[in-house]
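Letter by letter, the chains look like this.
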Amino acid sequence: MTTGTPPPLRPTRSRLRRYLPLAVAAWLVLEIWLLILVAGAAGGLTVLILLLAAFVLGGAIVKKAGRRAYRNLTETLQQMPGGPGGSAAVGPAPSSRGNGFLMLAGILLMIPGMITDVAGLLLLVPPVRTALSRATERSLEKRVRAASPGSLSDAFQQSRIHRPDGKVVQGEVIREEGSPASPRPDDGPQGPRPPLTR
């Protein structure tokens, strides 16, 4: 006799979660095999020197990219309205494009292995970084535009809505000196709420 309730279905795993462990294992085996090949052809000391040089170069690149990111952040904060500069922000500086990929190049160079070193060296080429940066921006914009309800963009849109009817009216309130402020519907019985403090 059956009870009539089907057994709970196991959630399906995404392709990334299914194949990522296999890809990492294949990458590790390939890295070890390449290191053994290069060590057999050029000698173990040469491979050790190459790995140490790549590590030092990667550390210097990560340090440079970190300094550039900090400088860009400081400049952006100074350009914000109300900041020390007082001017409106006009967008990211051209030098900040591809800074994340520069940091990734340094990290890849620091990881021991030939494939990661080649990938890190490729990311050091400015046209490659620029192309990857543009492709990433386009992909993110496409995903944000095609986001389904309940996603991050939907949550952001909902956070902008202040009234129950969902209408958002942009503008500013200008009060003349000495004129009493009209009571708002969300004010409490004691009058208007105190301003928020930082």
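Scroll up to find the structure this text is about.
First, a word on what this report is: a plain description of the structure on this page.

## Describing the overall build of the protein chain
Check the secondary structure of the protein chain and you find 6 helices and 0 strands. Along the protein chain, helices (α) and strands (β) appear in the sequence α-α-α-α-α-α when read from the amino end. Scored against the burial criterion, the 198 residues of the protein chain give a buried share of 13%. In the protein chain, of all internal contacts separated by at least 6 residues, the share reaching a separation of at least 24 is 52%. Summed over its atoms, the accessible surface of the protein chain is roughly 16400 Å², and 66% of this surface lies on carbon and sulfur atoms.

## Some details on helix α2 (residues 44-79)
In this model α2 runs 52 Å from its N-terminal to its C-terminal C-alpha over 36 residues, within 8% of the 52 Å that 1.5 Å per residue would give. Turning to α2, its buried residues number three or more, namely Val 47, Ala 54, Gly 58, Ile 61, Ala 65, Arg 68 and Asn 72. Lining the buried residues of α2 we find α1 (15-42), α3 (99-110) and α4 (114-123).

## Thoughts on a nonpolar patch on the surface
Taken together, the side chains of Val 118, Leu 122, Val 125, Val 128 and Leu 132 present a nonpolar region at the surface, about 370 Å² in accessible area. Of all the elements in the fold, those that place two or more residues in the nonpolar patch are α4 and α5 (126-145). Along the chain, Leu 122 turns up in helix α4.

Calculation criteria
- Residues take numbers from 1 onward in each chain, read along the sequence in its written order.
- Predicted model: local features are reported for residues with pLDDT of at least 70 only, side-chain atom pairs are reported and counted for 80 or more only, and whole-chain, interface and lining totals are derived from all residues.
- Only heavy atoms go into the side-chain values, all of them from the structure, while hydrogens and water stay out.
- Secondary structure elements follow DSSP: runs of H or I no shorter than four residues count as helices, runs of E no shorter than two count as strands, and numbering proceeds from the N terminus.
- Only protein chains enter the area calculation, which uses a 1.4 Å probe; residues under 20% of their type maximum are buried, those over 50% are exposed, and those in between are partly exposed.
- Contacts are assigned to residue pairs with any non-hydrogen atoms lying within 4.5 Å of each other.
- Residue-level accessible areas treat just the shown protein chains as cover; the underlying method is Shrake-Rupley with a 1.4 Å probe.
- One less than the number of residues in a helix, times 1.5 Å, gives the span that helix is expected to have.
- Like charges are joined within 9 Å and nonpolar side chains (Val, Leu, Ile, Met, Phe, Trp, Tyr) within 5 Å, but only among residues with over 30% relative accessible area and no salt bridge; these make up the patches.
- The working definition used for a salt bridge is a side-chain nitrogen of Lys or Arg within 4 Å of a carboxyl oxygen of Asp or Glu.

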